[in-house]
Every structure is written in structure tokens, then in C-alpha cells.
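# Tertiary structure, described
For reference, the chains in residue letters:
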Amino acid sequence: MSIHAQMAGKPERGLHRTYLETLGLIERLHRLLLDVIKDEFERVGQLEINAVQALLLFNIGENELTAGELKSRGYYQGSNVSYNLKKLVELGYMHHERSAVDRRSVRVRLTDKGIAVRGVVVALFARHADTLHTKAAAVAAPDEQVNLALKRLERFWGDQIRYIY
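About the thresholds
Residues numbered from 1 in each chain as written. Predicted model: local features only at pLDDT ≥ 70, side-chain atom pairs only at ≥ 80, totals over all residues. Heavy atoms only, no water. 1 Å grid on protein atoms, 1.4 Å probe; cavity = no way out; pocket = protein on both sides within 12 Å on 5 of 7 lines; lining within 4 Å. Points joined across faces, edges and corners; volume = space filled by probe spheres on them. Nonpolar A, V, L, I, M, F, W, Y, C, P; charged D, E, K, R; others polar. Helix = DSSP H or I, 4+ residues; strand = E, 2+ residues; numbered from the N terminus. Pairing = 2+ DSSP bridges. Phe/Tyr/Trp six-rings, centres within 6.5 Å; stacked < 30°, edge-to-face > 60°. Lys NZ or Arg CZ within 6 Å of the ring centre and 35° of its normal. Axes fitted to C-alpha atoms, helices over the stretch in contact; angles between N-to-C directions. Parallel < 35°, antiparallel > 145°, perpendicular 65-115°, else oblique. Contact = heavy atoms within 4.5 Å. Buried < 20%, exposed > 50% of the residue type's maximum accessible area, 1.4 Å probe, protein only. Arc of directions from axis to C-beta. Core = buried A, V, L, I, M, F, W, Y, C linked by side-chain atoms within 4.5 Å.

## Some words on the layout of surface pockets
In this model, the largest pocket occupies a volume close to 2,000 Å³. Contributing to the lining of the largest pocket are 41 residues, with Ile26, Leu29, His30, Leu33 and Leu150 lying nearest its centre. Grouping the amino acids of the lining of the largest pocket by side-chain chemistry returns 27 nonpolar, 10 polar and four charged. For the second largest pocket, the calculated volume is near 200 Å³. Lining the second largest pocket, in full, are Ala67, Ser82, Leu85, Lys86, Val89, Glu90, His96, Val106 and Val108. Of all the secondary structure elements, the ones that give two or more residues to the lining of the second largest pocket are helix 5 (81-90) and strand 3 (106-110). No other element matches the five residues that helix 5 contributes to the lining of the second largest pocket. Here the lining of the second largest pocket is composed, by residue class, of five nonpolar, two polar and two charged.

## Thoughts on the sheet that holds strand 2 (residues 94-98)
Taking strand neighbours across the sheet as the criterion, the three strands line up as 1-3-2 in an open arrangement whose pairing is antiparallel. The open sheet is flanked by strand 1 (65-66) and strand 2, the only strands paired with a single partner. Strand direction decides the pairing type here: strand 2 and strand 3, joined by five bridges, are antiparallel. Bridging from a neighbouring strand, His95 pairs with Arg109 of strand 3.

## Structural notes on the pairing of strand 3
Two strands pair when backbone bridges link them, and strand 1 and strand 3 are joined in this way by two bridges, in the antiparallel orientation. Opposite Thr66, over in strand 3, you have Arg107 as the bridge partner.

## Looking at the packing of aromatic side chains
Evaluation of the coordinates by the stated rule reveals one aromatic pair. Ring geometry for Phe58 and Phe125: centres 5.0 Å apart, planes at 80°, overall edge-to-face. Placement of Phe58 in helix 3 (residues 51-60) and of Phe125 in helix 6 (residues 112-134) is noted, with a sequence separation of 67 residues between them. A cation sits over an aromatic face here: Lys113 above Tyr93, 4.6 Å from the ring centre.

## Observations regarding the packing of helix 2 (residues 14-43) against helix 3
Contact pair helix 2 / helix 3: the axes reach a minimum separation of 9 Å and the direction vectors enclose 95°. On the basis of their axis angle, the class for helix 2 and helix 3 is roughly perpendicular. Each of Leu33, Leu34, Ile37, Lys38 and Phe41 in helix 2 lies in contact with helix 3, whose residues at this interface are Ala51, Val52, Ala54 and Leu55. Counted by class, the contact of helix 2 with helix 3 contains eight nonpolar, no polar and one charged residues.

## Some thoughts on helix 5
Within helix 5, the full set of buried residues consists of Val81, Asn84, Leu85 and Leu88. All buried residues of helix 5 lie within an arc of 100° about the axis, which places them on one face of the element. Those residues of helix 5 that are exposed and aimed more than 90 degrees away from the buried face are Ser82, Lys86 and Glu90. Residues of helix 5 that are buried sit in contact with helix 3, helix 4 (67-72), strand 2 and strand 3.

## Quick word on the nonpolar core
For soluble globular proteins, the rule of thumb is that nonpolar side chains tend to be buried together. Within the largest apolar cluster, 26 residues are counted, with the highest numbers of intra-cluster contacts made by Ile49, Leu57, Leu70, Tyr93 and Met94. For this core, the secondary structure elements donating two or more residues are helix 2, helix 3, helix 5, strand 3 and helix 6. Looking at this core element by element, the count peaks at seven residues for helix 3. In contact with Tyr93, not counting residues within four places along its chain, are Gln46, Glu48, Ile49, Leu57, Leu88, Arg109, Leu110, Thr111, Lys113, Gly114 and Val117.

Printed below as a string of C-alpha cells:
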């Protein structure tokens, strides 16, 4: 049963209902973010990669790291990181090479083509931030309190996973 169905079917009160609403908002916001990125890439004619891959390039930035580090540092949230990395390497958006220290480990970094894609996402997010700033009176722009609350929720969920046993 979905979060939305649970909310509609039961007259939950207080914190429980607020928590369920927060879960739904987080899920919808992530999907909307991917749609916004997809729309921007369609607008500029960049149809070779998808929004998840573009967001991955944005998050990697100037770093050079392993696939495991992508997940542990929070740069990638999906379960198919290997597929997306392989695709980005094949399409020329990322370099990859075996680590000199641990031959099982592969390090990745952006190519010039990947840096260009990252620039599209950077520009998109900068426009959004500017728009939110200029319309702050009409739009409830994200602020430090929102970020603090989400960081606390992230830490709580992380603790639930780490200390389950």
C-alpha cells in the first residue's frame, strides 16, 4: 500500500501523518527533480543521456573516485551504479582506469564532454536559485531550517540502517 493510500484511508494524527506526508514529498520531489533535468536536456537538445546520468555527472564534479565511493559519499542513490557508469564511459562522458594500488578497483572522473553536461546542470540549478531568490516573497524557497530538518531525517534513517541489529 502506498503512502498516499495510507494517508487517504486513515485519519492519522499528528506526527505520524506529518511523517507520512514528508515521505511522500521527498519521493515526489526527487522524481520532479529528474523531470526538470530531463526537460532541460530536451530543451538544449542533449538526448544521449538520461536525467539520472546527468545528475551523477553533476555530483561527481571534479572528483576522481570509485563506484563504491559514489554511493558512500551520497553522489548516487540508485541501485544500478555499474550500468550507469559503464554507459557514461561508453558514451565518452567519463574516464575510467584501474587503481594502481587495488587492481579490482576502478576510478572514474569526468571527460571534457562530461564537464560540459555538468555545466548544463550547474546553469539550470543556478537559474532556479536566482528565480527562487527573486520570488522569495511569493515562493517558499528552501532555507537553512528546511535543510537542517532534512539532514536530521537523513541521519535518523542512516542510523536505522546501521544499527538494525
